[in-house]
Amino acid sequence: MSRGSTDTALVGTRKGLFHYDLGGTEPEIVATHFLGSPVSAVGVADGSWYAGLDHGHFGVKLHRSDDRGATWKEVAYPAAPEGEDKATRLIWSLAAGHDS
């Protein structure tokens, strides 16, 4: 789970990504994203939302939204170091890094 803001929660599950509004008396689902696809990691950095997915047939993918989930774009993730296993099996953690 990741907090998009103080009134938002993003919850990745085996069934997709769920966007909750926490501003009321009860949490409310605002939207679902990637319905039916496992979302193994969710992160928020610099106003963008990130979701790590395991599409099964299409493999592991990283997606970013710059508009609070209205649209998503696939982004490249870092390549494995030379000599390491090149197949990413799961994105299990996301963290903001240095600009370079």
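Summarised in this report is the structure supplied together with it. (Residues numbered from 1 in each chain as written. Predicted model: local features only at pLDDT ≥ 70, side-chain atom pairs only at ≥ 80, totals over all residues. Heavy atoms only, no water.)

1. Observations concerning unusual backbone geometry
Of note in the backbone geometry, D46 takes a positive phi value of approximately 50° without being a glycine. Among the structural elements, D46 can be located in the loop between strand 5 (39-45) and strand 6 (48-54). Accessibility expressed as a relative area gives 81% for D46, which makes it exposed. For R68, which is not a glycine, the phi torsion comes out positive at approximately 55°. Along the chain, the position of R68 falls in the loop between strand 7 (60-65) and strand 8 (73-75). (Helix = DSSP H or I, 4+ residues; strand = E, 2+ residues; numbered from the N terminus. Buried < 20%, exposed > 50% of the residue type's maximum accessible area, 1.4 Å probe, protein only.)

2. Description of the side chain of H33
Here H33 lies in strand 4 (residues 28-33). Its relative accessible area of 9% is what places H33 among the buried residues. What H33 contacts, discounting residues up to four positions off in sequence, is G16, L17, H19, G69 and W72. (Contact = heavy atoms within 4.5 Å.)

3. Describing the side chain of S65
Along the chain, the position of S65 falls in strand 7. Overall, the relative accessible area of 0% leaves S65 in the buried class. Among the polar contacts made by the side chain of S65, one reaches the main-chain carbonyl oxygen of T71 at a distance of 2.8 Å. Apart from residues lying up to four places away in sequence, S65 is in contact with G47, S48, W49, A70, T71 and W72. (Polar contact = N/O pair within 3.5 Å; in protein donor to acceptor, adjacent residues only side chain to side chain.)

4. Topic: the nonpolar core
Ranked by size, the top nonpolar core spans eight residues in total: L10, L17, F34, V39, V42, W49, A51 and L53. Elements supplying a minimum of two residues to this core: strand 5 and strand 6. Examining the composition of this core, we find that three residues originate from one element, strand 6, more than from any other. In this structure V39 touches G12, T13, G16, L17, F34, A51, G52 and L53, once residues within four positions along its chain are discounted. (Core = buried A, V, L, I, M, F, W, Y, C linked by side-chain atoms within 4.5 Å.)

What is shown is where atoms sit, not what they do.
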